[in-house]
Amino acid sequence: MKTIIRLFYFIMFALWAHSASAQTTVLVVANIDSEMQLTKQQVRNLFLGGSLPENLRAVELSPKNDLRVVFNTKVVGLTEARIQSYWAQMRFSGRKKPPKQFDDKVLLIEYVLENEGSVCYLPSDHPIPEGLKVIFTAE
């Protein structure tokens, strides 16, 4: 009986977690002067170490952050394990470096505000600081 109850709670938690991530809208914001919008593929490339014409640099939250999981699922389309594997290959081959990571949204935002061309993602319910522009929305 205990096993059935545990299984029930596990399933309920999994459904709640999936529902919560499905409802979270993620905004990609940048410290830029120009008005620009990126496509999902451009944002994906940026966060996987690709370059864009505007010389943008991605910064992100650490792997233990729930928003990162939502962003990776909705935009990058890879699990955290696949992303870690990808970056291990890129570092080993010397081709690319992963985005700078922050444990806290406040530190992430401070960094982006202080560094022109920096790009990060935030939940849509977070106020967008003056000086940052939304360049992509993932619903």
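Conventions used here
- Residues numbered from 1 in each chain as written.
- Predicted model: local features only at pLDDT ≥ 70, side-chain atom pairs only at ≥ 80, totals over all residues.
- Heavy atoms only, no water.
- Buried < 20%, exposed > 50% of the residue type's maximum accessible area, 1.4 Å probe, protein only.
- Helix = DSSP H or I, 4+ residues; strand = E, 2+ residues; numbered from the N terminus.
- Pairing = 2+ DSSP bridges.
- Core = buried A, V, L, I, M, F, W, Y, C linked by side-chain atoms within 4.5 Å.
- Contact = heavy atoms within 4.5 Å.
- Axes fitted to C-alpha atoms, helices over the stretch in contact; angles between N-to-C directions.
- Parallel < 35°, antiparallel > 145°, perpendicular 65-115°, else oblique.
- Nonpolar A, V, L, I, M, F, W, Y, C, P; charged D, E, K, R; others polar.

Caption draft 1: Representation of the pairing of strand β4 (residues 118–123) within the structure. Of all six residues making up β4, six are buried, and the element is well covered by its neighbours. Alternating residues of β4 divide into Ser118, Cys120 and Leu122 and Val119, Tyr121 and Pro123, and every residue in both groups is buried. Direction of pairing for strand β1 (residues 26–30) relative to β4: antiparallel, over a ladder of five bridges. Following the sheet pairing, Val26 is matched in β4 by Pro123. Pairing of strand β2 (residues 57–61) with β4, which is carried by two bridges, proceeds in the parallel orientation. Note on β4: the bridge partner recorded for Ala58 is Val119.

Caption draft 2: Looking closely at the nonpolar core. Grouped together as the largest cluster of nonpolar side chains are 39 residues, with contacts concentrated most on Val28, Phe47, Leu56, Phe71 and Ile135. Elements represented by at least two residues in this core include exactly β1, α2 (40–47), β2, α3 (66–76), α4 (80–93), α5 (105–114), β4 and β5 (133–138). Once residues within four sequence positions are removed from consideration, Ile135 is found in contact with Val28, Ala30, Ile32, Met36, Gln37, Leu38, Leu56 and Val119.

Caption draft 3: Seen up close, the packing of α2 against α3. Taken N-terminus to C-terminus, the directions of α2 and α3 make an angle of 130°; their axes are 9 Å apart at the nearest point. Accordingly, the angle class assigned to the pair α2 and α3 is oblique. Contacts between α2 and α3 pair Lys40, Val43, Arg44 and Phe47 from the former with Phe71, Lys74, Val75 and Val76 from the latter. Residues of the contact of α2 with α3, tallied by class, amount to five nonpolar, no polar and three charged.

Caption draft 4: Spotlight on the sheet that holds β4. Reading across the sheet, the five strands line up as β3-β2-β4-β1-β5 and stay open at both edges, with mixed pairing between neighbours. Two strands close off the open sheet at either side, each with one partner strand: β3 (100–102) and β5. This sheet shows a mean twist of 30° between the axes of neighbouring strands, independent of strand direction. Sheet contacts for α2: β1, β2, β4 and β5; angle to β2, the most-contacted strand, approximately 80°. With respect to the sheet, α5 is in contact with β2, β3 and β4, its orientation differing from that of β4 by roughly 145°.

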